[in-house]
Every structure is written in structure tokens, then in C-alpha cells.
Amino acid sequence: MTRKKPEDLRSHRWLGVSDMRSFGHKSRLRQIGYDAEDWTGKPVIGIINTWSEINSCHAHLRARAENVKRGVLQAGGFPIELPAMSLSETMVKPSTMLYRNFLAMETEELLRSHPLDGAVLMGGCDKTTPGLVMGAISMGIPAIYIPAGPMLRGNWKGEYLGSGSDTWKYWTEKRAGNISDDEWNEIEGGIARSFGTCMVMGTAATMMAITEALGLALPGSSSIPAADSGHPRMCGVAGRRIVDMVWEDLTPDKILTPAAFDNAIKVHMAMGGSTNAIIHVVAMARRAGIPVDMETFDRLSRQIPVLANVRPSGKFLMEDFYYAGGLRAMMQNMREKLDLSCLTVTGKSIGENIEGAKVHIPDVIHSLNDPIYAEGATAVLKGNLAPNGCVIKPAAADPKFLKHRGKAIAFEDYNHMMREIERDDLDVTADHILVLKNAGPKGGPGMPEWGMLPIPKRLLGQGVRDMIRISDGRMSGTSYGACILHVAPESFVGGPLAFVQTGDEIEIDVDKRMIHLHVSDAELARRKAAWTPPPPKYPRGYGAMFSDHINQADQGCDLDFLQGKTAMPEPEIH
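Residues numbered from 1 in each chain as written. Predicted model: local features only at pLDDT ≥ 70, side-chain atom pairs only at ≥ 80, totals over all residues. Heavy atoms only, no water.

Draft legend 1. Just the nonpolar core, in detail. Among the nonpolar cores identified, the biggest contains 90 residues, and F261, F321 and M330 are the most heavily contacted of them. The next biggest cluster of nonpolar side chains, apart from the first, holds 44 residues, and it includes I392, I470, L497 and L524. (Core = buried A, V, L, I, M, F, W, Y, C linked by side-chain atoms within 4.5 Å. Buried < 20%, exposed > 50% of the residue type's maximum accessible area, 1.4 Å probe, protein only.)

Draft legend 2. Summary view of the side chain of H60. Note that H60 resides in the loop between strand 1 (44-49) and helix 4 (61-74). A relative accessible area of 4% places H60 in the buried class. H60 has contacts with A148, F195, G196, A226 and H231, leaving out every residue within four places of it along the chain. (Helix = DSSP H or I, 4+ residues; strand = E, 2+ residues; numbered from the N terminus. Contact = heavy atoms within 4.5 Å.)

Draft legend 3. Focus on the pattern of salt bridges. Under the definition given, this model contains 39 salt bridges. Across the pair R527 and E523 runs a salt bridge, and its minimum N-O distance is 3.0 Å. Of this pair, R527 and E523 both sit in helix 20 (residues 521-530), four residues apart, which is roughly one turn of the helix. Residue class for R527 comes out buried when judged on its relative accessible area of 11%. Several salt bridges converge on common partners, so that one network encompasses E89, D126, K127, E449 and R474. (Salt bridge = Lys/Arg side-chain N within 4 Å of Asp/Glu carboxyl O.)

Draft legend 4. Representation of the sheet that holds strand 1 in the model. Strand order in this open sheet of four strands is 2-1-3-4, and the pairing throughout is parallel. Looking along the sheet, the strands with just one partner apiece sit at the ends: strand 2 (78-83) and strand 4 (143-147). Sheet twist, expressed as the average angle between the axes of neighbouring strands with direction ignored, equals 20 degrees. In terms of strand pairing, strand 1 meets strand 3 (residues 118-123) through five bridges, oriented parallel. Residue pairing for strand 3: I45 is matched across the bridge by G118. Strands strand 1, strand 3 and strand 4 of the sheet are contacted by helix 10 (residues 230-248), whose axis makes an angle of about 175 degrees with strand 4. (Pairing = 2+ DSSP bridges. Axes fitted to C-alpha atoms, helices over the stretch in contact; angles between N-to-C directions.)

Draft legend 5. Broad picture of the state of the cysteines. Under the counting rule described, the total for this entry stands at zero disulfides. As a non-bridged cysteine, C125 has C57 as the owner of its nearest cysteine sulfur, 3.5 Å distant. (Disulfide = S-S within 2.5 Å.)

Draft legend 6. Focus on empty space enclosed by the protein. Under the definition given, this model contains two cavities of 30 Å³ or more. Estimated volume of the largest cavity: approximately 60 Å³. Residue lining of the largest cavity: E212, G215, A217, P219, R328, M331, T344, I350, N353 and I354, and that is the complete set. The set of elements that each furnish at least two residues to the lining of the largest cavity consists of helix 16 (326-333) and helix 17 (350-354). Per-element accounting of the lining of the largest cavity gives the leading share, three residues, to helix 17. Of the residues belonging to the lining of the largest cavity, the class tally is five nonpolar, three polar and two charged. (1 Å grid on protein atoms, 1.4 Å probe; cavity = no way out; pocket = protein on both sides within 12 Å on 5 of 7 lines; lining within 4 Å. Points joined across faces, edges and corners; volume = space filled by probe spheres on them. Nonpolar A, V, L, I, M, F, W, Y, C, P; charged D, E, K, R; others polar.)

Draft legend 7. Structural view of helix 10. Relative to the 27 Å expected for 19 residues at 1.5 Å per residue, helix 10 spans 26 Å between its end C-alpha atoms, a close match to the ideal helical length. Across the 19 residues of helix 10, 15 count as buried, placing the element largely inside the fold. Directly after helix 10, the chain includes D249, whose backbone phi takes a positive value near 55 degrees. (Expected span 1.5 Å × (residues − 1).)

Draft legend 8. Quick look at the packing of aromatic side chains. For the coordinates displayed, the defined rule picks out 10 aromatic pairs. Considering the side-chain rings of W156 and Y170, the 5.4 Å spacing of their centres and the 75 degrees angle between planes classify their relative orientation as edge-to-face. Residue W156 is located in strand 5 (residues 154-156), and its partner Y170 is located in helix 7 (residues 165-175); the two are separated by 14 residues in the primary sequence. Here the two residues W156 and Y170 agree in accessibility, since each one is buried. Aromatic side chains Y542 and F546 sit 6.2 Å apart centroid to centroid with 55 degrees between the ring planes, which places their arrangement in the tilted category. With Y542 and F546 both in helix 21 (residues 541-549), this residue pair falls four residues apart, about one helical turn. Relative accessible area serves as the criterion here: at 2%, F546 is assigned to the buried category. Site record: aromatic cluster; members linked through ring pairs are Y99, F102, Y542 and F546. Sitting above the plane of the W14 ring, R13 keeps its charged end 5.6 Å from the centroid. Positioned over the ring face of Y160 is R153, at 4.2 Å from the centre of the ring. (Phe/Tyr/Trp six-rings, centres within 6.5 Å; stacked < 30°, edge-to-face > 60°. Lys NZ or Arg CZ within 6 Å of the ring centre and 35° of its normal.)

By themselves these figures say nothing about function.
The following block contains the structure:
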């Protein structure tokens, strides 16, 4: 492999020449306390850190950045830490999804505007991973991703707790009167015992694994618990590796091929991954100029069974998955389904990276001959209610709802829904289908995780814990149940979901990938003609830009002007 020379480095334009502007760059670095020996002839590595004091998933990344810097210095690079927007999943409202593209833009511009030769991307909380990766793809310099890692498993009364999944579970029981306030407080104190992302197969764990499967992270790195001593060691290895990647000019476009995306989607299916992955992977692929769509997911879903016995599709947690051998072991179990020739950040192939990996706990990571669920993690349904598609996670739903016909109870927005479901006199049965409108990209705004609609209070006392719920929103990857999500086009822009009325019949058949609203075309046309488009949610600022340019769920919810591989000019230095 041809290696770059120091004068080939991108940072050479800032630091390697002798003129007045370069004098300004270097004198200001000396002002910070650096000296010529720190940067001369060395790759400058930007460490994009999404740490903040209100993001518990990333609470350790401030310290982990020092481990990365140590690795960069050991390999002869010059590390520079740059902060980026921290998308705290539990704190940012109305939804971190509103700001994923903001982080992608910030990442791209941080990398372009500074004298950087390579990037280390530090994150893990749901939207952070795709945001960082999308920005790095668009920029195009060598980049390696460091997963934040899952937190330790929770504990309450000797039972393991999974963040998100058990929150929903026990909140339902509290609403049903089966859990006291004191017990609820105990759960609150025991469910999140360390820094790190959700330790179930939510969006965070899913996207960290997908990024590793794409080849953008070190082999095995996405499985390491955040609090494990292996995590800071991995950060040091990544710091050393990115320096070599710069000299090798190993850029994302050499890694992100159609086969790499197929591998990642297959891994997503085998892990029982979050439905949110569809939106993020479509967006990432489109940044790379690769045509991935919802049909790609559905096609591969039929080929790959669920192998990871991890909540919410299974019974274990990510810590157990790590002890069982982690992602390398699971990929080894499904190696016959993967393209093992795909290049990765190690400079080696996927096949080389997983060589020798073994499953240590077969009940946690199953084989292709003994899957948790016969098909993959997600199914894409289409019909007159969702012309551009919608998704369901069959493995996390009561099987009886995978083929169902029932009457709709329609809610115009989230607040309407919350008022109605708490009514003791709501006319509802377990066979009804709850429909939530105006929860999509523009309607939410930002497509919040409202799709796991609560079970109506009247049904809780009857022991009902699942029913079909349909929306144009998303649901947390930690959620479960017969939830049909991402209905496209969304109701806010006049998609058919906007015209559903209470009493309409809706039919679902997951095997046939069908969803149908039993209302005549003529009646739907009449309702559409009487429909008045709602006013924009944001009159100004980023929210207004988002609303004007956001794509629908089936297109990845990226901003339309950010997609594609259009070359961007390097900044002029004067």
C-alpha cells in the first residue's frame, strides 16, 4: 500500500508551509502550549467528542478521549479534541431525531474547516452514531468510530433490569396498580447503574453494532460494556490505528460498499435490532451514494433469523452478549451469510477480523440452525394506509397480532391520545387498533418516539399488555409490542394516515407484508378534499430549516441538501 508523505497531509496546508497565515496558525498553537515538535510532519487527528454533563450515555467519554490521545501520540500523531453537540436521548426534546442531522452537519464542518487529517468519532447514544458517521462520510477523510458501549445491567430485588424495556414494563404495572410508589422509586435507582448506553438491544446497541459490521469500528468494540477496563484499552488502540489509516489514506468510501451495507443490515436482523436502524442506515447509505431502501431491509429480513437472545426480542442483556462472545462471535455464527471480503478500518477484511471468534454461552447467541425467531428483526408493510411503507418488529410482538383486522381508535396528536387512554369509559377492546397521527418528521416535529402508545387504562385491569398501535412516529429500540411505525407519507403532509377515523377497519398481515385501510378510494378522496394542512411547527431557526428540507421516513429523514456524494471544495487559506 502506498503511504502518504508528510507534505501530502491535509494539515500541511495550515502547518507545513512558511507564510504569514501559517505563522498565525502555529503561533496560536504555541499560545495553547504546543510546540513545533507536536505537529511537524505528523497527522493531525480530530477527536470529535459528544461528551456532556447531561448525557449519561456519554459520561465517560471525557476520560476516554485521553485514552484516544495516548494512542494517537504513541503512533506519532497530533491529537486535537473538538466538542460536538451531545444528543442526550432522555433529555433532549421534542426528540433527538430533530437534531441528528444538525450533528451530522456539525461533524462534517468541524472536519472540513480545521487542519485535520483523520477523525476519531466518539459516541453511542441513539442518534449520535448515525449523526457522526453521516458527517464523516460526507467529509471523506479517514475516520474510525469508537462506540460508547452499553451500561452495566440493572438490578431490582435480585432481577436483572434492562433500561427502556423494563421501564415500559413496570410503568404499565404501576398504571395497573400492581407496583407501589416506593417500589417504583427503587426501580428508578437500580435500572441505570453505570455510565453507558441502554444495555438492551435498543437503537444505541443496534447502531453501534451496525457501524462495526460496516467496518468503521474496531472488531469487537461495540460489545464492550462502557465500564469494562477493555473499553479504555480499545480507545487507545483506535487512537493508534487512526494514525496509520491517515498514512494509508483509508477513507470511508473504500470501506462503505453495497456489500458492506448488506452485511450491516444482516447483522441488524440477527441481533433483533431496533426499527430505528432502517431510517439511520438508509440515511447513511445515501450519504455514501449507495441505494439502500426499506425494500432492502425487508428482503434481507427474510433471509436472516434473529440469533441474539437479548431484550426486547429475547431475555438477556448486552453485558451477557459480551460475555457470550460479542458481535465477533455472532458474526462468526452467521459467516456463511456475510460477504467476508469487505474491507474494514483495520485494513483487514471482515472475515479476517472475526476469525477465531467463538460463542461461549449458546443460549445468548444462537446458531442459524437454532434461531430465536425464524425471520429477521423487522418487516416492512405496504398498502393504502402506507403507500411508501411502514415497519414492525415481529419478534417483539404478540404473535396473534401479526395477522389481525380491527376497528381504529384515532388520535389527532399525542396530547389527544394521552387524554383518551386514561379515560375509564373509553370504548376500547384488545382487538381495537390505536392510531396516532402527527408524530412524523414534520408533525412531531422530529419524529419522536411516541409509537409505543400506552395500553388504555380500561384494558390494563383486564390483563391486556399488547395490542396493535399504528403511527407515523418512531418507538424506542428498547420498546416492544405490536407497534407499526414510520408510516409514510406522514399524516402532517397529507398522507393517508391523516384521514383515518375512529371506527374505520384496518387489516394487518405481516406474512404478506400488507396493511390496508378498509375505506373506499372515493371516501378517502372526499376526506382528503376536506382536510386542511396544519401550519408549520417552527416559524424560524433550525426547526424551520428542518421542516422545509426534511425527507420522509422511507428516505432516511435526512435534509434533502445533505444527501449524495457531491464533492465539496477544501477551504481556501488566506
